[in-house]
Amino acid sequence: MSEEDRKMWSDLGMDLQAHDQLLDVLANNYRETYMSQENRPKSTQYFDFVMNGIHGQRVAELLKEKEQGRKIVGSYCVFVPEEIVQAANATLVGLCSGADFAMEEVEKYLPRNTCSLIKSSLGFKLGKVCPFLESADMIVGENTCDGKKKFYETFSELVPNMYVMDLPQVKSEQGKELMRAEFYRFLQSLQDITGYRVDVESLKQGIKTVNEKRKAIHRLQSLRKADPAPISGLDSLLANQIYLYEDPQRFTREVHKLCDELEERIERREGAFPANTPRILITGCPMAVPNWKVPYIVESEGAVIVGEESCVGERGNRNLTRDDGNSLEDLMEAILDRYFQIDCAIFTPNQERTEHILDMAKRYRADGVIHYGLQFCQPYIQESFSAEKALRENDIPALRLETDYSQEDIGQLQTRVEAFLELLD
Ligand code: BJ8
């Protein structure tokens, strides 16, 4: 890290000592998890470059955009419509955190039985170690699960620029109406902070930018159907994680470059793992950087992850937004239609998610499915039972894992994954 980076973090009011510790842990974790992989496609060097500058180069770019009048919007959920943010001359960055930090402090604010994702998000604020959070002009919290809803109440007392978006829990006409009203209120609030009036042209451009990014990741996902899989699940997960805060145009360009290389690998039947390696679909809670624990275990036990039914994965990027409207209302409706299809477990009933899990297992030719649940996550752990039942009824082996961000259960997880993989032989 350069002196310039340190000055930037200090100007943002961060705790440099605590941040150094976090970066050390992150660098070690990345080296052990990612750099130890064999047969990585060359173009994954782009991921190394992004991860290397995760709190440096990307943040400096965002601050430069800010100097030119653009705003930064932080978010904890894929329900926040990026198209509208882009159209309002702002940049969206994901803030979910994937590592424990300042846990003693966190438990002064939140009950112990809160999921790691929420605890970590608070820990990064209390520890003053997240430059994205500290540079955001608006932080959007969304009313999804109970844990997040109550967390945002607490968080509002710590961050002055919190914006809470209400969301429906039922996919009814009334639910859609609520989401519509909330998307318009969000549009208005963005215009208020950016001083920028969203029109048909800017909204079309916003849709185009985000759709292009989605098309690139769809292409990557589709190439993972090949056997041998041309890229590891770990690297594909990283693409989905970077997707949430990387510059959209650069991300799109680099992921297409990676896909060109993967197509050549497929042609040569060259894989990240040998042909006939057991293929696993992961489903469940989102995995934010640097939460690579379960994928690392799965792939070091000799399987390859071929898809993620997750918000950091296909649930988050599944559909494109229609761009054929000729009025602001048409385009807003297209955005609403796209986001209303996200089948997060906070919806009830949520049969579409089970159908998507089955569909993905078939499309990616998965030999088995692992349901990844964060401890104390009621919505996903509850749904893991119905998902498992549906998978078994379709003769697809399933394993339910429940874990957190600690390293303490690694041995136990390895044993369970190993036993599951033996079943697939
Ligand atoms: S759309 S999955 S990103 S809410 S793991 S905090 S659900 S207790 S993250 Fe999510 Fe949006 Fe839904 Fe996706 Fe609560 Fe569960 Fe914790 Fe979770």
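Right, let's walk through the structure included here. Remember, it's a predicted structure, so these values are computed and weren't measured experimentally.

Below, the discussion takes up the site of the ligand. The ligand sits among 17 residues. The nearest are C77, C145, C311, C344 and C377. Considered class by class, the residues forming the shell around the ligand number 14 nonpolar, one polar and two charged.

Turning to the pattern of salt bridges, a few remarks are in order. Pairing is possible between side chains that carry opposite charge, provided their charged atoms lie close to one another. Under the counting rule described, the total for this entry stands at 42 salt bridges. When the shortest N-O distance is used, the salt bridge between R219 and E263 registers 3.2 Å. Pair noted here: R219 is in helix α11 (residues 200-223) and E263 is in helix α13 (residues 248-267), with a separation of 44 residues, a long-range link. Look at R219 and you get partly exposed, because its relative accessible area is 22%. You can call E263 partly exposed: its relative accessible area is 38%.

Quick look at the packing of aromatic side chains now. Ring pairs (aromatic) are described by centroid distance and by the angle formed between their planes. The tally for this structure, following the rule as stated, stands at 16 aromatic pairs. A centroid spacing of 4.9 Å and a plane angle of 20° characterise the contact between Y30 and Y34, whose relative ring orientation is stacked. Of this pair, Y30 and Y34 both sit in helix α2 (residues 16-35), four residues apart, which is roughly one turn of that helix. Judged by relative accessible area, Y30 falls into the buried class, the value being 10%. For Y34, a relative accessible area of 0% corresponds to the buried category. Pairing Y46 with F47 gives two aromatic rings, centres 5.8 Å apart and planes at 50°, and the pair type is tilted. Taken as a pair, Y46 and F47 share a single burial class, namely buried. Put simply, the rings of Y76, F151, Y152 and F155 pair up and form one aromatic cluster. It is K171 that lies over the ring of F347; its NZ or CZ is 4.6 Å from the centre.

Strand order in the open sheet formed by four strands is β6-β5-β7-β8, with parallel pairing between adjacent strands. With partners counted over all chains shown, the strands left at the sheet margins are β6 (304-309) and β8 (398-403), one partner each. Taking the axes of each pair of neighbouring strands and ignoring which way they run, one obtains an average angle of 25° across the sheet. On top of the sheet, helix α17 (residues 351-363) reaches β5 (279-284), β6 and β7 (368-374); it is set at about 165° to β5, its chief contact.

Inspection of the secondary structure puts N276 in the loop between α13 and β5. Through-space distance from the C-alpha of N276 to that of S222 is 18 Å; in sequence the pair is 54 residues apart.

Here we take up the pairing of β5. Within β5, six of the six residues are buried, which leaves it mostly tucked inside the rest of the structure. What you see with β5 is no split at all: R279, L281 and T283 on one side and I280, I282 and G284 on the other are buried throughout. Strand direction decides the pairing type here: β5 and β6, joined by five bridges, are parallel. Bridging from a neighbouring strand, T283 pairs with E309 of β6.

A few words on the packing of helix α10 (residues 173-194) against helix α16 (residues 328-340). Close contact between α10 and α16 brings their axes to 10 Å; oriented N to C, the two are set at 125°. By the criterion of interaxial angle, the relationship of α10 to α16 is oblique. Where α10 crosses over α16, the handedness of that crossing is right-handed. On the side of α10, the interface is formed by G175, K176, M179, R180, F183, Y184 and L187, while α16 contributes L328, E329, M332, E333, I335, L336, D337, Y339 and F340. Grouping the amino acids of the contact of α10 with α16 by side-chain chemistry returns ten nonpolar, one polar and five charged.

Running from N to C, α17 and helix α18 (residues 378-393) point in directions that differ by 50°, and their axes come no closer than 10 Å. With respect to α18, the element α17 is oriented oblique. The hand of the α17/α18 crossing is right-handed. Taking contact as the criterion, the partners of R353, T354, I357 and L358 in α17 are, on α18, Y380, E383, A387, A390 and L391. In terms of residue class, the contact of α17 with α18 is built from six nonpolar, one polar and two charged.

Here we take up helix α12 (residues 233-242). With ten of ten residues buried, α12 lies mostly within the body of the structure. The set of residues buried in α12 consists of G233, L234, D235, S236, L237, L238, A239, N240, Q241 and I242.

The rules behind each value
- Residues numbered from 1 in each chain as written.
- Predicted model: local features only at pLDDT ≥ 70, side-chain atom pairs only at ≥ 80, totals over all residues.
- Heavy atoms only, no water.
- Near = heavy atom within 4 Å.
- Nonpolar A, V, L, I, M, F, W, Y, C, P; charged D, E, K, R; others polar.
- Salt bridge = Lys/Arg side-chain N within 4 Å of Asp/Glu carboxyl O.
- Helix = DSSP H or I, 4+ residues; strand = E, 2+ residues; numbered from the N terminus.
- Buried < 20%, exposed > 50% of the residue type's maximum accessible area, 1.4 Å probe, protein only.
- Phe/Tyr/Trp six-rings, centres within 6.5 Å; stacked < 30°, edge-to-face > 60°.
- Lys NZ or Arg CZ within 6 Å of the ring centre and 35° of its normal.
- Pairing = 2+ DSSP bridges.
- Axes fitted to C-alpha atoms, helices over the stretch in contact; angles between N-to-C directions.
- Contact = heavy atoms within 4.5 Å.
- Parallel < 35°, antiparallel > 145°, perpendicular 65-115°, else oblique.
- Left-handed = near helix turned anticlockwise from the far one by under 90°.

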